[in-house]
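Structure assessment
This is what each chain is made of:
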Amino acid sequence: MAWDDLAQWGKDARRIEPLTGGSSNDIWSVEVGGRRAVARLGRRSDADLAWEAELLQFLDRNGLTVPVPIPTLDGRLFVDGLVVMEYMEGGPPQTEADWRRVADVLRRLHELTRGWPQRPGWRSSADLLQVETGTRIDLAVMPSEAVARCRAAWQRLSGRQTAVVHGNPTNPGNIRMTADRIALIDWDEAHVDVPDLDLVLPFNAAALEGVAHDMAAQASAAWEAAVCWKDDYAVSRLAEVRAVL
């Protein structure tokens, strides 16, 4: 797994500059076939990358603006953990109206992907009521009291219909907006789960009310605490999850 594989996209393919924002991957601005693109080098399995590529192609065909993988010269969508994707223009959401547009796009994502198969190796919040591990989550390393709090929060959403969730839409860096479209980028945390986990947005832009908002907010905070455990952010998110009485 190395950047030498970028040559699979053409003899003139080249890296331009590193990009920030990826915690698990090496991400660069690149030039491929004379156009700007983004390349990501990581350690995801081929099955995981195939799931992501199929999802992005499907969403693109159905009208969502996403960073579709650019194939190599021989038609492959990834090589040894390296993926090259379309560059998405735009800036982050800033206003309440911007975030409402984001909420609309997320709901369209969820509508399109009902019944989508789970990402290989991943677990949903409902799965984690019974098992301890799934990709970046390992409940065994968390204090038992913390696990009980997270599971109590996820239990409140169990039994709901599932779909693909983006996984980190509240990070403004994962959204590229222009006047006429919204692009969701960085699908590294996407998996199948309860859509409400995606809808705890700034300004309550998804208009979740009362108990619905409380359930989603608690479950989302628990998820991020488990995914990031044990950095300072994870500890702060766990503090938002109510103790089990």
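Residues numbered from 1 in each chain as written. Predicted model: local features only at pLDDT ≥ 70, side-chain atom pairs only at ≥ 80, totals over all residues. Heavy atoms only, no water.

If you trace the backbone, Ala234 turns up in helix H5 (residues 232-238). Through-space distance from the C-alpha of Ala234 to that of Ala221 is 8.6 Å; in sequence the pair is 13 residues apart. If sequence neighbours within four positions are ignored, Ala234 has contacts with Glu224, Ala225, Cys228 and Trp229. (Helix = DSSP H or I, 4+ residues; strand = E, 2+ residues; numbered from the N terminus. Contact = heavy atoms within 4.5 Å.)

Okay, the environment of Arg242 next. With respect to the element layout, Arg242 can be found in the segment after H5. Residues Arg242 and Arg149, 93 residues apart in the sequence, show an inter-C-alpha distance of 6.5 Å. Within the local environment of Arg242, its side chain forms a polar contact with the side chain of Asp214, the two groups lying 2.7 Å apart. (Polar contact = N/O pair within 3.5 Å; in protein donor to acceptor, adjacent residues only side chain to side chain.)

Turning next to the nonpolar core. Counting residues in hydrophobic clusters, the biggest one holds 30 residues, and the most contacted among them are Leu59, Val164 and Trp187. Contributions of two or more residues to this core are made by helix H1 (46-61), helix H2 (96-112), strand E8 (175-177) and strand E9 (182-184). Ranked by residues supplied to this core, first place goes to H2 with seven residues. (Core = buried A, V, L, I, M, F, W, Y, C linked by side-chain atoms within 4.5 Å. Buried < 20%, exposed > 50% of the residue type's maximum accessible area, 1.4 Å probe, protein only.)

Looking now at the packing of aromatic side chains. Within the structure shown, the criterion is met by three aromatic pairs. A centroid spacing of 6.3 Å and a plane angle of 65° characterise the contact between Trp3 and Trp28, whose relative ring orientation is edge-to-face. Residue Trp3 is found in the segment before strand E1 (14-18), and its partner Trp28 is found in strand E2 (residues 26-32); the two are separated by 25 residues along the sequence. Like Trp28, Trp3 is buried. Ring geometry for Phe58 and Trp116: centres 4.9 Å apart, planes at 45°, overall tilted. Of this pair, Phe58 sits in helix H1 while Trp116 sits in the loop between H2 and strand E5 (133-134), and the two are 58 residues apart along the sequence. We classify Trp116 as buried; its relative accessible area is 15%. A cation sits over an aromatic face here: Arg15 above Trp28, 4.4 Å from the ring centre. (Phe/Tyr/Trp six-rings, centres within 6.5 Å; stacked < 30°, edge-to-face > 60°. Lys NZ or Arg CZ within 6 Å of the ring centre and 35° of its normal.)

Sheets are built from strands paired through backbone hydrogen bonds, the pairs being either parallel or antiparallel. Read from one edge to the other, the open sheet built from four strands follows the order E1-E2-E3-E4, with strand pairing classed as antiparallel. Strand pairing shows two members of the sheet lacking a second neighbour, E1 and strand E4 (82-86), which therefore form its edges. In this sheet, adjacent strand axes meet at a mean angle of 35° when their direction is disregarded. When E2 meets strand E3 (residues 35-41), the two strands line up antiparallel, connected through seven bridges. Bridged to Ser29 within E3 is Val38. (Pairing = 2+ DSSP bridges. Axes fitted to C-alpha atoms, helices over the stretch in contact; angles between N-to-C directions.)

Let's shift gears to helix H4 (residues 210-228). In this model, H4 (19 residues) spans 27 Å end to end at C-alpha, consistent with the 27 Å of a helix rising 1.5 Å per residue. Residues of H4 that are buried: Met215, Ala216, Gln218, Ala219, Ser220, Ala221, Ala222, Trp223, Glu224, Ala225, Ala226 and Val227. In the core, the buried residues of H4 are packed alongside strand E6 (137-138), helix H3 (144-155), strand E10 (191-193) and H5. (Expected span 1.5 Å × (residues − 1).)

With that settled, the discussion passes to the pattern of salt bridges. With the rule as written, the count across this model stands at 17 salt bridges. Ionic pairing is found between Glu52 and Arg40, a salt bridge with its closest N-O pair at 2.7 Å. Of the two residues, Glu52 sits in helix H1 while Arg40 sits in strand E3, which places them 12 residues apart along the sequence. Connected through salt bridges with shared partners, the residues Arg40, Arg44, Asp48, Glu52, Arg119 and Asp188 form a single ionic network. (Salt bridge = Lys/Arg side-chain N within 4 Å of Asp/Glu carboxyl O.)

The next point concerns the pairing of E3. Burial within E3 is extensive, with five of its seven residues counted as buried. Joining the antiparallel neighbours E2 and E3 is a turn of two residues, in which Gly33 adopts a positive phi near 60°.

The step from Trp229 to Lys230 runs through a cis peptide bond, and the omega angle for that step is 20°. By the element assignment, Lys230 lies in the loop between H4 and H5. The backbone phi angle of Asp80 is positive, close to 50°, even though this residue is not glycine. Within the secondary structure layout, Asp80 lies in the loop between H1 and E4. If you check the backbone angles, Ala207 has positive phi at about 60° while not being a glycine. The topology assignment puts Ala207 in the loop between E10 and H4. According to the relative accessible area criterion, Ala207 is exposed, its value standing at 52%.

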